[in-house]
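Each chain, letter by letter, is given below.
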Amino acid sequence: MSAVRIGPYTLQNGLVLAPMAGVTDQPFRQLCKRLGAGLVVSEMVTSDMSLWNTRKSRLRMIHEGDPEPRSVQIAGGDAQMLAEAARANVALGAQIIDINMGCPAKKVCNKAAGSALLKDEALVTEILQAVVAAVDVPVTLKIRTGWDRDNKNGLTVAKIAEQAGITALAVHGRTRADLYTGDAEYDTIAAIKQAVSIPVFANGDITSPEKARYVLDATGADGLLIGRAAQGRPWIFREIEHFLRTGEKLAAPQLSEVERILLEHLAALHAFYGEVMGVRIARKHVGWYLATLPGAREFRARFNRLDGTQAQCADVQAFFAERYKSLTGDEGVAA
């Protein structure tokens, strides 16, 4: 996979951590970048600046210390509000603005934002033109293939985006109506890639190095967006990068490395959020990391009752010590 350019930025590879609300916070972005992602994108930030004073929004707005280029995703349904939000984020250090027209969540779509916007192509045009005009940094766009299977207008929206000056496009291979069910389809992404000359990133069900190769071949895309598959498995980026470059599979991380990555992640979460919130947010991440390991369910039930950083770290170390004991000299861990 050759290097991809977004405006003035050349990514080290075309593997992008997809923005996920409640997941791609700064500690996770930094970790995925270190483990091979070419670009990491922030959690979705609302374009309604009157809501920016909440603690949750303030934490999402911290771009200082983020891996460069710093890409920040904004969401909303009002062109002028989105333009203002884009400007404000650039002032806070964003180097790429990403517009969300891909999120199928009800609370986003009910406000005529996310993938609900795909229903209104005139509004899409207005929003994209307003945001591109508002900032001097590259503006990228995330969409789905359409509203529902009878209304796959992703191709039309992609052409609107290119005309409006969008510098790269990510396409999730499902419609808004599909939510996250069924299998992603890649034919629409392939058609979009053929129709526009800006970089296109394919998204949806990319869960392994082999699947990454398949999706790139099927779509001709310039790169890939990886979301849910990176939860609890941030090293998926280096695995995919290695496989695409060499055709060979990288060995699964040793149990000792998984423990080290997880403990570093916990420490970063606790430092970023503070003890109370950090402990709470750590629970879901720990659940994802350990999901495939024996004894994980019982461990999680106990772990989720702990409410201190020291207790969490000690419990994780004890869990891994148990795993080492039960291994007969084989330190590999299932990917």
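Details of the structure are given in the entry above.
These figures come from a predicted structure and were not determined experimentally.

Calculation criteria
- Residues numbered from 1 in each chain as written.
- Predicted model: local features only at pLDDT ≥ 70, side-chain atom pairs only at ≥ 80, totals over all residues.
- Heavy atoms only, no water.
- Helix = DSSP H or I, 4+ residues; strand = E, 2+ residues; numbered from the N terminus.
- Buried < 20%, exposed > 50% of the residue type's maximum accessible area, 1.4 Å probe, protein only.
- Contact = heavy atoms within 4.5 Å.
- Core = buried A, V, L, I, M, F, W, Y, C linked by side-chain atoms within 4.5 Å.
- Salt bridge = Lys/Arg side-chain N within 4 Å of Asp/Glu carboxyl O.
- Pairing = 2+ DSSP bridges.
- Axes fitted to C-alpha atoms, helices over the stretch in contact; angles between N-to-C directions.

Peer 1: How do you make sense of the side chain of Ser71 when you look at a structure like this?
Peer 2: The topology assignment puts Ser71 in strand S6 (residues 71–75). Taking the relative accessible area as the measure of exposure, Ser71 reaches 4% and is therefore buried. Not counting chain neighbours up to four residues away, the residues in contact with Ser71 comprise Leu39, Val40, Val41, Ser42, Ile96 and Asp98.

Peer 1: Explain unusual backbone geometry to me, please; I cannot follow it from the model alone.
Peer 2: Most peptide bonds take the trans form, and the phi angle of most residues other than glycine is negative. The omega angle of the peptide bond from Glu68 to Pro69 is -5 degrees, so this bond is cis rather than trans. Looking at where Pro69 falls in the secondary structure, it is placed in the loop between helix H2 (55–60) and S6. Although it is not a glycine, Asp205 adopts a positive phi angle of roughly 65 degrees. With respect to the secondary-structure elements, Asp205 resides in the loop between strand S10 (200–203) and helix H8 (209–219). What makes Asp205 buried here is its relative accessible area of 18%.

Peer 1: Whenever I open this one, the nonpolar core confuses me. Can you help?
Peer 2: Generally speaking, nonpolar side chains in soluble globular proteins are found buried as a group. Grouped together as the largest cluster of nonpolar side chains are 66 residues, with contacts concentrated most on Met101, Leu128 and Leu141. Per-element accounting of this core gives the leading share, seven residues, to helix H5 (residues 121–134). If sequence neighbours within four positions are ignored, Leu128 has contacts with Ile99, Met101, Leu141, Ile160, Ala161, Ala164 and Ile166. Formed by 28 residues, the second largest nonpolar core is a distinct cluster that contains Leu59, Phe272, Val286 and Val316.

Peer 1: Looking at this structure, how should I read the pattern of salt bridges?
Peer 2: Pairing between side chains of opposite charge can happen when their charged atoms approach one another. On inspection of all chains with the given rule, the structure shows 17 salt bridges. In this structure, Arg29 and Asp66 form a salt bridge, with 2.8 Å as the shortest nitrogen-oxygen distance. Linking Arg29 in helix H1 (residues 26–34) with Asp66 in the loop between H2 and S6, this pair joins segments that are 37 residues apart in sequence. With relative accessibility at 3%, the residue Arg29 sits in the buried group. With relative accessibility at 8%, the residue Asp66 sits in the buried group. Where Glu239 meets Arg233, a salt bridge forms, and the shortest distance between an N and an O atom there is 3.1 Å.

Peer 1: Before we go on, may I ask you to explain the sheet that holds S6 in this structure?
Peer 2: Within a sheet, adjacent strands bond to each other through the backbone by hydrogen bonds, running parallel or antiparallel. Pairing is parallel across the open sheet formed by nine strands, whose spatial order is S4-S3-S11-S10-S9-S8-S7-S6-S5. At either margin of the open sheet sits one strand with a lone partner, and together these are strand S4 (39–40) and strand S5 (45–46). With respect to the sheet, helix H7 (residues 187–195) is in contact with strand S8 (139–144), strand S9 (168–172) and S10, its orientation differing from that of S10 by roughly 175 degrees. Each of strand S3 (15–17) and strand S11 (223–226) touches helix H9 (residues 236–246); the most contacted strand, S3, lies at about 170 degrees to it.

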